[in-house]
Amino acid sequence: MDVNLQFWRTEGKSFFQRFLHWTDILDPTVLLKSNEEIEKSRLLLQTSAQTLQEPLRDKKVNEAWKLSLSSVNSGTGEIIPIVFRPPAFLPLVTPLFFATLLSHKGAKKAFICQFLFHAHVAGFTIANGNATAKAEETALPQKQLLVCTGAVSYAAFIGAVPHFFMSQHRLSAPLQVFFRKFLPIPLLASLSAFTVMIVRGTEYENGIEVRDKNGKVIGVSQKAGRKAVQDTALSRAALFGTAVIIPDSLLFFIQRNPHILNPLRLLMTLSTLGALLPVSLSVFPQLGEIKRDDLEKEILSSTEETELFYNRGV
């Protein structure tokens, strides 16, 4: 079991624990660390048994955990590209997310903004997902790239539909309010969940590894893969859906002053996403649990333990 998962098994049992750790892990200053420093941190954690038992008592070890958890995929042990690491999510996604909320004169500009946003979120989802043994053996990179591009293009097209109707049709005032204020909220939330389900589709198609409490791999489960992807998709939908509702609700009473509306909305969007991101990442455990009886028959015959564990991904 990867040291990151060992950390979450010990330090991620409650929502409050996970929330406190994520607020620390999301520190953008860790993006300045080099790959060599990340590898040294991993080596420290892997070679010292004491760090696994008491991970947070030593400052040097604490920094090593922070660097490992923020920079390394828990499933593969590989260093995540810097633009897709969790600490880079907020500074990179916020302007893209905000651009999708602006009123565009044409559907073309809206499509481009939607495409860039969903493309980055899809890349983040893949880089922080759970790489499965079966998927690595059978899936072609070209096929995954085609599926991801199709999912992002579809999400961008559907996301641009309200802008198309507003620019191509003369709508009544109630319909304009509907397309501009109400429709984008469920649309953005559902499309964010859709993108996660598609780009991580191999996890529930091929299955992911499930382990016992000692970290021993018991088997590969499609049901565990489905649960991991569904939980991640739900948290992503809640993050972006809520990040639209809160600023729009607070700004409802000052819409008559357009000069300060967009700058204030950007500031509130950044603040809302910043506050909700660690909450979204903490809702479900990083090391997920699943009942033995909920798994496939071939896994039931491989162990007598009542609960098994899997890497949910981010």
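This one's a predicted model, so the numbers in the text were calculated from it and none came from an experiment. (Residues numbered from 1 in each chain as written. Predicted model: local features only at pLDDT ≥ 70, side-chain atom pairs only at ≥ 80, totals over all residues. Heavy atoms only, no water.)

1. Observations concerning the overall build of the protein chain
- Helix and strand content of the protein chain: 15 helices and 4 strands.
- Overall size of the protein chain, expressed as C-alpha extent along the three principal axes, is 65 × 45 × 35 Å.
- The buried share of the protein chain, reckoned over its 314 residues, is 47%.
- If you take every contact in the protein chain between residues at least 6 apart in sequence, the share linking residues at least 24 apart comes to 71%.
- Measuring between centres, the 33 positive side-chain charges of the protein chain sit 11 Å from its 27 negative side-chain charges. (Helix = DSSP H or I, 4+ residues; strand = E, 2+ residues; numbered from the N terminus. Buried < 20%, exposed > 50% of the residue type's maximum accessible area, 1.4 Å probe, protein only. Contact = heavy atoms within 4.5 Å. Lys, Arg positive; Asp, Glu negative; His and termini not counted. Charge placed at Lys NZ, Arg CZ, Asp CG, Glu CD.)

2. Brief notes about the side chain of R200
- In this structure, R200 sits in the loop between α11 (184-199) and α12 (201-206).
- For R200, a relative accessible area of 2% translates into the label buried.
- One polar contact links R200 to T232, side chain to side chain, over a distance of 3.3 Å.
- A distance of 2.6 Å separates a polar atom in the side chain of R200 from the backbone oxygen of R312.
- When residues no more than four places from it in sequence are discounted, the contact partners of R200 are T125, G129, N130, A228, V229, T232, R312, G313 and V314. (Polar contact = N/O pair within 3.5 Å; in protein donor to acceptor, adjacent residues only side chain to side chain.)

3. As for the pattern of salt bridges
- Applying the stated rule across the entire model yields 10 salt bridges.
- Residue R265 pairs with D248 through a salt bridge whose shortest N-O separation is 2.9 Å. In this pair, R265 is assigned in helix α14 (residues 258-282) and D248 in helix α13 (residues 222-250), connecting sequence segments 17 residues apart.
- Residue classification places D248 among the buried positions, given a relative accessible area of 17%.
- Between E307 and K291 there is a salt bridge; the shortest N-O distance is 2.9 Å. With E307 in strand β4 (residues 307-311) and K291 in strand β3 (residues 287-291), this pair connects stretches of sequence that are 16 residues apart.
- Here E307 falls in the partly exposed class, since its relative accessible area comes to 26%. (Salt bridge = Lys/Arg side-chain N within 4 Å of Asp/Glu carboxyl O.)

4. Looking at the packing of helix α7 (residues 107-127) against α11
- Relative to each other, α7 and α11 sit at 40°, their axes nearing to 10 Å. In this view, α7 runs oblique relative to α11, as classed from their interaxial angle. Every pair of crossing elements has a handedness; the one defined by α7 and α11 is right-handed. From α7, F117, H118, A122, T125 and I126 reach across to α11, where they touch L188, L191, S192, T195, V196 and V199.
- Of the residues contributing to the contact of α7 with α11, the split by class is 7 nonpolar, 4 polar and no charged. (Axes fitted to C-alpha atoms, helices over the stretch in contact; angles between N-to-C directions. Parallel < 35°, antiparallel > 145°, perpendicular 65-115°, else oblique. Left-handed = near helix turned anticlockwise from the far one by under 90°. Nonpolar A, V, L, I, M, F, W, Y, C, P; charged D, E, K, R; others polar.)

5. Notes on helix α3 (residues 35-47)
- Taking 1.5 Å of rise per residue, 13 residues should cover 18 Å, and α3 covers 18 Å from first to last C-alpha, within 8% of that figure.
- Along α3, the residues classified as buried are I38, S41, R42 and L45. For α3, the angular spread of the buried residues around the axis is 100°, confining them to a single face. Turned more than 90 degrees away from the buried face of α3 sit E39, K40, L43 and T47, all of them exposed. (Expected span 1.5 Å × (residues − 1). Arc of directions from axis to C-beta.)

6. Describing empty space enclosed by the protein
- One pass over the structure, following the stated rule, counts 2 cavities of 30 Å³ or more.
- Empty space within the largest cavity amounts to approximately 120 Å³.
- What lines the largest cavity is a set of 15 residues, among which L69, V72, S74, N128 and V314 lie closest to the centre.
- When the residues that make up the lining of the largest cavity are grouped by side-chain class, the tally is 7 nonpolar, 8 polar and no charged.
- Estimated volume of the second largest cavity: approximately 40 Å³.
- Forming the walls of the second largest cavity are L26, P86, F89, F124, R236, L239, L277, S280 and L281.
- At 3 residues, the largest contribution of residues to the lining of the second largest cavity is made by α14.
- Here the residues of the lining of the second largest cavity are counted per class, giving 7 nonpolar, 1 polar and 1 charged. (1 Å grid on protein atoms, 1.4 Å probe; cavity = no way out; pocket = protein on both sides within 12 Å on 5 of 7 lines; lining within 4 Å. Points joined across faces, edges and corners; volume = space filled by probe spheres on them.)

7. Quick word on a nonpolar patch on the surface
- Side chains of F15, F16, L20 and V283 sit close together on the surface and give an oily, nonpolar patch of about 380 Å² of accessible area.
- Relative to the helices and strands, L20 resides in helix α2 (residues 15-25). (Patch = residues over 30% accessible without salt bridge, like charges linked within 9 Å, V, L, I, M, F, W, Y side chains within 5 Å. Areas by Shrake-Rupley, 256 points an atom, 1.4 Å probe, with all protein chains shown as cover.)

8. Quick notes on the packing of helix α6 (residues 86-101) against α13
- Following both chains from N to C, one finds α6 and α13 inclined at 60°, their axes separated by 12 Å at the closest point. Relative to α13, the element α6 is oriented oblique. Of the two elements, α6 crosses α13, and the hand of that crossing is right-handed. Across the interface between the two elements, F89, V93, F97 and L101 of α6 pack against L239, F240, A243 and V244 of α13.
- Across the contact of α6 with α13, the residue classes break down as 8 nonpolar, no polar and no charged.

9. A word on the environment of P28
- In this fold, P28 is placed in the loop between α2 and α3.
- Judged by relative accessible area, which is 45%, P28 ranks as partly exposed.
- Here the alpha-carbon distance between P28 and S70, two residues 42 residues apart in the chain, equals 9.5 Å.

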